[in-house]
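Below, each chain spelled out in residue letters.
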Amino acid sequence: MTAIKYILKMLLKLAALPVILILRIAMLLTKFVGYVGSYIMSPVMLFILGCGIYCLLKTRWTDVAILFGMEAVIGLLMFGGLWIYCNAMDLCDSLTDFLHS
């Protein structure tokens, strides 16, 4: 019975290797996109914030709502990339621990 467990565990470890590779590639891509995106999107977010303050002072409430929505979407996209990176890192670490067990 223990031989079957051992063989099954080795097969699962072999199946975990491509998953770890895919997760490492996903982590690398999300880190790269996060860095590049933050350098590009930070000035855009500041510009949108400036436009929002201007529209707020001019009492153009529809434009303020649209600009706030744009800020929220950009923030959520940046947060989503970080969330994907953190979850991929946790899963990759768990699979690596499984390989070393």
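Let us look at the structure shown here. Note that this is a predicted model, so its numbers are computed, not measured.

**Some details on a nonpolar patch on the surface**
Here's step 1: A cluster of nonpolar residues, Tyr6, Ile7, Met10, Leu11, Leu14 and Leu17, forms a patch on the protein surface that exposes about 610 Å² of accessible area.
Here's step 2: Within the element layout of this structure, Leu14 appears in helix α1 (residues 2-57).

**Topic: the nonpolar core**
Buried together is how nonpolar side chains tend to be arranged in soluble globular proteins.
Here's step 1: Counting 8 residues, the largest nonpolar core consists of Ala16, Ile20, Leu23, Met27, Tyr85, Ala88, Cys92 and Leu95.
Here's step 2: In this structure, Ala88 is in contact with Leu23 and Met27, ignoring residues within four places of it in sequence.
Here's step 3: Counting residues in hydrophobic clusters, the runner-up holds 5 residues, among them Cys55, Val64, Leu67 and Ile74.

**With respect to the state of the cysteines**
Here's step 1: All chains considered together, the criterion is met by 0 disulfides.
Here's step 2: Of the cysteine sulfurs around Cys51, a residue in no disulfide, the closest is that of Cys55, at 6.5 Å.

**Remarks on the pattern of salt bridges**
Here's step 1: For the structure on display, the rule yields 1 salt bridge.
Here's step 2: The partner of Arg60 in a salt bridge is Asp63, with the nearest N and O atoms 2.7 Å apart.
Here's step 3: Classification of Asp63 as partly exposed rests on a relative accessible area of 26%.

**Concerning the side chain of Lys13**
Here's step 1: With respect to the helices, strands and loops of the structure, Lys13 is situated in helix α1.
Here's step 2: Despite its burial, Lys13 remains without a salt bridge, the nearest opposite charge being carried by Asp97 at 11 Å.
Here's step 3: Lys13 has contacts with Phe98, Leu99 and Ser101, leaving out every residue within four places of it along the chain.

**Comments concerning the side chain of Glu71**
Here's step 1: With respect to the secondary-structure elements, Glu71 resides in helix α2 (residues 61-100).
Here's step 2: No salt bridge is formed by the buried Glu71; the nearest opposite charge belongs to Arg60, separated by 15 Å.
Here's step 3: Beyond its immediate chain neighbours, meaning those up to four positions away, Glu71 contacts Met45, Ile48 and Leu49.

Calculation criteria
- Residues numbered from 1 in each chain as written.
- Predicted model: local features only at pLDDT ≥ 70, side-chain atom pairs only at ≥ 80, totals over all residues.
- Heavy atoms only, no water.
- Patch = residues over 30% accessible without salt bridge, like charges linked within 9 Å, V, L, I, M, F, W, Y side chains within 5 Å.
- Areas by Shrake-Rupley, 256 points an atom, 1.4 Å probe, with all protein chains shown as cover.
- Salt bridge = Lys/Arg side-chain N within 4 Å of Asp/Glu carboxyl O.
- Helix = DSSP H or I, 4+ residues; strand = E, 2+ residues; numbered from the N terminus.
- Core = buried A, V, L, I, M, F, W, Y, C linked by side-chain atoms within 4.5 Å.
- Buried < 20%, exposed > 50% of the residue type's maximum accessible area, 1.4 Å probe, protein only.
- Contact = heavy atoms within 4.5 Å.
- Disulfide = S-S within 2.5 Å.
- Lys, Arg positive; Asp, Glu negative; His and termini not counted.

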